[in-house]
Amino acid sequence: MLEFVAPIGENYTHGILVAGCPVSLGMADRQPSVLNDMDRFCDEALAENSIYALLHRERDRLFPDEMFADLFCDKGRRSVPPSVVATVMVLQRLEGLSDREATERYSFDARWRYAAGVGSYDCGGWGSFAHTVLVDFRARLDRSGDKRRIFNRSVEVAGEAGLVGARRVLDSTPLYDAVATMDTITLIRSAIRGLLKVADAVLEAQLRGLIRSGDDYLSSAKPQIDWDDQAAREELIHSRAQDGYAILAHLDSQKLEGAVADAAQLLATVLGQDLEENEDGVFRIARRVAADRVISTVDPEARHGHKTSARGFDGYKGSVAVDPDSEIITDTEVSAANAADASVAADLIDDLTGGNSADRDEDPANSSDSDSDSGGGGGEEPAVTARRAGGNKGARKAKGRQAGKASAQVARAARATARRANVRARRQRRLSRQAQPKVYGDAAYGSGEFLDHLARTGIDSGCKTQPPVAPGGRYSKEHFYIDLDADTVTCPAGEEVTIRRNKSGDGIACFESACAACPLRSDCTTAAQGRTIQVGRHEALLTEARAQANDPQWRDDYRQTRPKVERKLAHLMRRRHGGRRARVRGRTKVDADFNLLAAAHNLARLAVLGVRGGPEGIWAIA
Ligand code: SF4
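Given the structure is predicted, the values throughout are model-derived calculations rather than measurements.

S.K.: Account for the sheet that holds strand β18 (residues 507-510), naming residues and giving values.
M.R.: Read across the sheet, three strands follow the order β17-β18-β19 without closing on themselves; strand pairing throughout is antiparallel. For this open sheet the edge positions go to β17 (500-501) and β19 (532-535), each flanked by a neighbour on one side alone. When β17 meets β18, the two strands line up antiparallel, connected through two bridges. By the bridge assignment, Arg 500 is partnered in β18 with Ile 508.

Shown next, in the form of structure tokens:
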């Protein structure tokens, strides 16, 4: 059984969070009411290809309540039907709303109520629920080991409707972090404060006994000094660094666990990344930027990154794989801002290479298997009471009927899932016979490793590869003849040298003394040791890719296909709240949020394309 701990308190609508209260699966009423004037109005007023119409029409087939059964336990207070909550979460991400705004919109916007299938206020649907239901539902999804299920469902439906082919376009976009970037002194003080906070009373007393700066580390405010006085600034840095190192030296001999170990690790990281000690033993800020610099102790996974050489940002990078024909997003990844685009490229196309993206978030410690052993994922969780609009007449009777229906519905859902899996497998087989997979990307994806991955998995490359350049217009690598069979490089002056390879297969050709008296030297190098040429282990693939990019047909295909991903990213980022700016902290949560955003846009795309579920649960374009 999943354990869930949440704050206890009164919510802001009309529910009370009760710690330790189990929650069972609430089922939505699937019988449409002919008396529902709100639905009748929306039927006429909303376009058939709107997201609201799609969710109203297909919600129970897209994400039926049974799809979330593992999040709840067998007994206890009924949850708000997960299909209703999932609908609200999708619309929330699409419209860029906070949790409070989303639940308010659900209560008062006819389109949201229509989409969620709860009808008007006198039809027995959920009149309103507290915003904490969304918080609780995300936490359950997060702990279930399958938090991508709404996104995966959108891709599954698109696949069944024949909208996912064998081509992918990859790209990434900056996601700004939800925290402030800290300077060095704030980082160090914050790390020490964090460590003191998680230490028990005995350890805290020991650590405080080591502090010599006079700082009590109780306030997050910067110490009051004359910031124009360089000596005062240097003294501040040195004294706080000494505090930090004294604490680490004390902890060095101890066996640390849990939060204390994490806090000590963070302190060691921020001290090591920004400071250097001179010959007099004085600590000062190093005149360099660490490659993987932590920029905030509040979100230690956020990093400083660059989209271009002139444009930096702090936070994360959201990457997508898009089908260029249907513009369905087939996968998403969130990485640190300083991660190379190509580092997540293989994960983005694992559906083409036989991997299963749904498995990526499986954590053995939190796997659904362990959930099922416990008899449901709900566990002892806080319950949120919610008011049913339209009075409580017959409510108990309805609950009884719900419980009876649940098992039959679960069985029906299992049969439908098996049927869909068959259809999907047939479509996939047909697709694999019909189309040659191809992946497009800008020069950030044209790395040797990724090209090698594509070649090994039989996928054509539509990725640009950066042509070699040399500073000052001097001879670039292209002016050198590289003979990979003989493992030699010949320079423009006709000098031939053998490539020296390391264990991983990467090599270097050094012309050294040959350059000393070379008449072409001024056009070739300014290095005192002579010109060197790097020859990586994927050199053949890179050379082939550069030659391929000169083919007019390849270039036309690239120009027509790759830009489609830019438009999709623009759609994802158009809302400031929850678009470009992350709403949560930590890579895992940002990843889940970005993935849900992609799911919402996929569903909106399915609506535009007129996708409908057939009577046998088979999806097709109407
Ligand atoms: S400078 Fe060295 S590498 Fe360049 S052309 Fe002359 S000999 Fe060759």
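Next comes the rest of the account.
S.K.: Tell me about the site of the ligand, and please be specific about residues and values.
M.R.: Taken together, 14 residues lie around the ligand, and Cys 491, Ala 493, Cys 515, Cys 518 and Cys 524 are the ones closest in. Residue composition of the shell around the ligand, grouped by class: nine nonpolar, two polar and three charged.

S.K.: Please provide a residue-by-residue account of the packing of helix α10 (residues 230-252) against helix α11 (residues 258-274), values included.
M.R.: Relative to each other, α10 and α11 sit at 135 degrees, their axes nearing to 10 Å. Judged by the inter-axis angle, α10 sits oblique to α11. Crossing of α10 over α11 shows left-handed handedness. When α10 is examined against α11, the residues Ala 241, Gly 244, Tyr 245, Ile 247, Leu 248 and Leu 251 are found in contact with a partner set consisting of Ala 264, Leu 267, Ala 268 and Leu 271. For the contact of α10 with α11, the class distribution of residues is nine nonpolar, one polar and no charged.

S.K.: Tell me about the pairing of strand β10 (residues 329-336), residues and numbers included.
M.R.: Extensive coverage of β10 is indicated by the burial of seven of its eight residues. Two elements, strand β9 (residues 311-322) and β10, share seven bridges in a ladder whose sense is antiparallel. By the bridge assignment for β10, Ser 319 is matched with Glu 333.

S.K.: Before we move on, can you summarise the sheet that holds strand β14 (residues 481-483) with the specific residues and values?
M.R.: Across the sheet, which stays open at both edges, the three strands sit in the order β14-β15-β16 with antiparallel pairing between neighbours. The strands lining the two open edges of the sheet, one partner per strand, are β14 and β16 (496-498). Between one strand axis and the next, the sheet turns through 20 degrees on average, direction left out of account. For β14 and strand β15 (residues 488-490), the ladder comprises three bridges, and the chain directions are antiparallel. Across the sheet, residue Ile 482 finds its bridge partner in β15, namely Val 489.

S.K.: Summarise the packing of helix α2 (residues 51-62) against helix α19 (residues 587-608); cite the residues concerned and give the values.
M.R.: Packing of α2 against α19 leaves a shortest axis separation of 8 Å and a crossing angle of 90 degrees. If you check the angle between α2 and α19, you find them roughly perpendicular. Contacts between α2 and α19 pair Ile 51, Ala 53 and Leu 54 from the former with Leu 603, Ala 604, Leu 606 and Ala 607 from the latter. Tallied by class, residues from the contact of α2 with α19 come to seven nonpolar, no polar and no charged.

S.K.: Give a description of the pairing of β18 that names residues and reports values.
M.R.: The side-chain alternation of β18 yields one buried face, formed by Gly 507 and Ala 509, and one unburied face, formed by Ile 508 and Cys 510. The hairpin formed by β17 and β18 contains five residues between the paired strands, and Gly 505 there has a positive phi angle of roughly 100 degrees.

S.K.: Give me unusual backbone geometry: which residues, what numbers.
M.R.: Phi at Tyr 217 takes a positive value of approximately 55 degrees, unusual for a residue other than glycine. Within the fold, Tyr 217 resides in the loop between α9 (201-208) and α10.

S.K.: Explain the nonpolar core to me, using residue names and the numbers behind them.
M.R.: Ranked by size, the top nonpolar core spans 110 residues in total, and within it Val 85, Val 88, Leu 267 and Leu 603 carry the most contacts. Here the element with the most residues in this core is α19; it accounts for twelve residues. Counting residues domain by domain, this core receives three or more from each of domain 1 (9-177 + 325-435 + 569-621) and domain 2 (184-285). Residues contacting Leu 267, with those up to four places away along its chain left out, are Ala 191, Ile 192, Leu 195, Gly 244, Ile 247 and Leu 248. Val 489, Cys 491, Ala 509 and Cys 518 belong to the second-largest nonpolar core, a separate cluster that totals nine residues.

S.K.: Tell me about the environment of Cys 524, and name the residues and values.
M.R.: Tracing the chain through its elements places Cys 524 in the loop between β18 and β19. Residue Cys 524 is classed as buried on the basis of its 20 C-beta neighbours within 10 Å. Residues Cys 524 and Pro 471 lie 53 residues apart in sequence; the distance between their C-alpha atoms is 9.6 Å. Once you skip the residues sitting within four places of it in the chain, Cys 524 turns out to touch Arg 474, Tyr 475, Pro 492 and Arg 531.

S.K.: Can you lay out α11 for me, pointing to particular residues and giving the numbers?
M.R.: Look at α11: 25 Å from first C-alpha to last across 17 residues, which is about the 24 Å you get at 1.5 Å a residue. Listed as buried for α11 are Ala 263, Ala 264, Leu 267, Val 270, Leu 271 and Asp 274. The buried residues of α11 occupy an angular sector of 130 degrees when the element is viewed end-on, so they sit on one face. Summarising the contacts, the buried residues of α11 are in contact with α8 (184-198), α10, β6 (275-277) and β7 (283-285).

S.K.: Lay out helix α15 (residues 448-456) with the relevant residues and their values.
M.R.: If you check which residues of α15 are buried, you get Phe 450, Leu 451 and Leu 454. Within α15, the buried residues cover an arc of 100 degrees as seen down the axis, which keeps them to one side. Looking one or two residues past α15, Gly 458 carries a phi angle of roughly 70 degrees, positive in sign.

Cut-offs applied
Residues numbered from 1 in each chain as written. Predicted model: local features only at pLDDT ≥ 70, side-chain atom pairs only at ≥ 80, totals over all residues. Pairing = 2+ DSSP bridges. Helix = DSSP H or I, 4+ residues; strand = E, 2+ residues; numbered from the N terminus. Near = placed C-beta within 6 Å. Nonpolar A, V, L, I, M, F, W, Y, C, P; charged D, E, K, R; others polar. Axes fitted to C-alpha atoms, helices over the stretch in contact; angles between N-to-C directions. Parallel < 35°, antiparallel > 145°, perpendicular 65-115°, else oblique. Left-handed = near helix turned anticlockwise from the far one by under 90°. Contact = placed C-beta atoms within 7 Å. Buried ≥ 20, exposed ≤ 12 C-beta atoms within 10 Å, placed from the backbone. Core = buried A, V, L, I, M, F, W, Y, C linked by C-beta atoms within 7 Å. Domains from an automatic or database assignment. Expected span 1.5 Å × (residues − 1). Arc of directions from axis to C-beta.

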